[in-house]
2 protein chains.
Amino acid sequence: MSESHPTIGIGALARRAGCQPETVRYYEHIGLLHEASRTEGGQRRYGEEAVRRLTFIRHARDFGFSVEAVRELLAMSDRPDMCCDEVDALAKHHLEEVESRLQRLAALRDELQRMLGECAGGKVESCRIIEVLSDHRLCDSDTAHGGAHDLGEPPAARRS
Amino acid sequence: MSESHPTIGIGALARRAGCQPETVRYYEHIGLLHEASRTEGGQRRYGEEAVRRLTFIRHARDFGFSVEAVRELLAMSDRPDMCCDEVDALAKHHLEEVESRLQRLAALRDELQRMLGECAGGKVESCRIIEVLSDHRLCDSDTAHGGAHDLGEPPAARRS
DNA sequence: CCTAAACCCTGTAGCAACTACAGGTTCAAG
DNA sequence: CTTGAACCTGTAGTTGCTACAGGGTTTAGG
């Protein structure tokens, strides 16, 4: 309702949503955030609405939704009279992915624990860890660790 | 012992280790695999040792070890009389990371389940999922989902 | 021996989702 | 009015590959 004047700088906006100014510019660039109004000198100025939108984005990202999923969620939340089936479906789908990642990650943990438990701490020559890594048959094959890709490795960048 | 003649083509090597020829060239490029010998026409030819090495790499990668960690593991496995403490430490460190990812992923799953359970299926306006995403305070804050980054999202590419 | 298919080569660009500069401009406090 | 923090654009880097384009090589069959 209340359209606050755009007085918030990009740094303050970023701080309030817990991210970096670069990330804000990036979100604008890929169209998650609308183009901000500018001062005469060309600097971006935001209002409270932008804070809400960015917070939503960051929060959804923290939940593990991909940028494309966030884009859909934003589009849906912009249409309040829509039926929320799609939102529900998106969240369900995401939950399924999370659950399958959880299972494989748990299998991986078990295998790592087993490896570590069996390593007697001698020479590399007889190291159980190296052996297991060398030979797939030494794994508990029931609970196959299905490839790090689908488990998700931490992406390169982590925010400080 | 038996130094097999290098007769295996890059495609066959890749197939035996469960990856793509491009991946093999990439590993060579970043120095995980030694430079292969070549035919007169310039094509790479490999022996059984390369199969073992590549299999080790793929397996360690499947375990979620980063390429840099794999590089260290390879260096260690190349020195059989070394004490395997470092291997052990690397694996332990990795296990810790896996466990912390597991915990956050579990918290995330709970939150998603809660969100889904509370969504009554009406209009977006009153959608519990959108609400939770909009407002951090609606989360169970004890078991905070700590950012998708550290949970790891599935990287873009998945092998077929 | 010849040809066609299957394989291989290099090099570059692309994916996600940002982060990190460089080299300059603008704003706000004192 | 000066200073320094904040901001601007644009490009390149990160991880771990994958996907081309535009060629050359190998090999099996006839």
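Everything quoted here is computed from the prediction, not taken from an experiment. (Residues numbered from 1 in each chain as written. Chains lettered and ligands numbered in written order. Predicted model: local features only at pLDDT ≥ 70, side-chain atom pairs only at ≥ 80, totals over all residues. Heavy atoms only, no water.)

### Looking at the overall build of chain A
Counting its regular elements, chain A contains seven helices and two strands. Written out in order from the N terminus, the α and β elements of chain A read α-α-β-β-α-α-α-α-α. When the 160 residues of chain A are sorted by exposure, 44% land in the buried category. Taking all contacts inside chain A whose residues are at least 6 apart in sequence as the whole, residues at least 24 apart take part in 54%. (Helix = DSSP H or I, 4+ residues; strand = E, 2+ residues; numbered from the N terminus. Buried < 20%, exposed > 50% of the residue type's maximum accessible area, 1.4 Å probe, protein only. Contact = heavy atoms within 4.5 Å.)

### A word on helix α4 (residues 67-77) of chain A
All of the buried residues along α4(A) are A:Val67, A:Ala69, A:Val70, A:Leu73, A:Leu74 and A:Met76. Elements that come into contact with the buried residues of α4(A) comprise α3 (48-62) and α5 (85-118) of chain A together with α6 (128-134) of chain B.

### Focus on the pattern of salt bridges
If the charged atoms of two oppositely charged side chains come close together, the side chains can form a pair. All names here are of chain B. For the structure shown, the criterion picks out 24 salt bridges over all chains. Ionic pairing is found between Asp-78 and Arg-53, a salt bridge with its closest N-O pair at 3.4 Å. In this pair, Asp-78 sits in the loop between α4 (67-77) and α5 (85-118) while Arg-53 sits in helix α3 (residues 48-62), placing the two residues 25 residues apart along the sequence. Residue classification places Asp-78 among the partly exposed positions, given a relative accessible area of 44%. The partner of Asp-88 in a salt bridge is Lys-92, and the shortest N-O contact between them spans 3.0 Å. (Salt bridge = Lys/Arg side-chain N within 4 Å of Asp/Glu carboxyl O.)

### Describing the protein's contact with DNA strand D
Taken together, 26 residues are adjacent to DNA strand D, and A:Arg25, A:Arg44, B:Thr23, B:Thr39 and B:Arg61 come closest. Of all DNA strand D atoms lying within 4 Å of any protein atom, the proportion belonging to sugar or phosphate reaches 89%. Within the side chain of B:Thr23, one N or O atom sits 2.4 Å away from a phosphate oxygen of DNA strand D. B:Thr39 has a polar side-chain atom sitting 2.8 Å from a phosphate oxygen of DNA strand D. If you list the elements that add at least two residues to the surface near DNA strand D, you get α1 (10-17) of chain A together with α2 (21-29) and α3 of chain B. The dominant element in the surface near DNA strand D, judged by the number of residues it contributes, is α2(B), at four residues. Across the surface near DNA strand D, the residue classes tally to six nonpolar, eleven polar and nine charged. (Near = heavy atom within 4 Å. Polar contact = N/O pair within 3.5 Å; in protein donor to acceptor, adjacent residues only side chain to side chain. Nonpolar A, V, L, I, M, F, W, Y, C, P; charged D, E, K, R; others polar.)

### So, the packing of aromatic side chains
Applying the stated criterion to the full structure yields two aromatic pairs over all chains. With a centroid separation of 5.9 Å and 45 degrees between ring planes, the pair formed by A:Tyr26 and A:Tyr27 is classed as tilted. (Phe/Tyr/Trp six-rings, centres within 6.5 Å; stacked < 30°, edge-to-face > 60°.)

### Topic: α1(A)
All names here are of chain A. Along α1, the residues classified as buried are Ile-10, Leu-13, Ala-14 and Ala-17. One side of α1 carries all its buried residues, which in axial view fall inside an arc of 95 degrees. Among the structural elements, α2 (21-29), β2 (44-45) and α3 are those in contact with the buried residues of α1. The positive-phi residue at the C-terminal boundary of α1 is Gly-18, with phi of around 75 degrees. (Arc of directions from axis to C-beta.)

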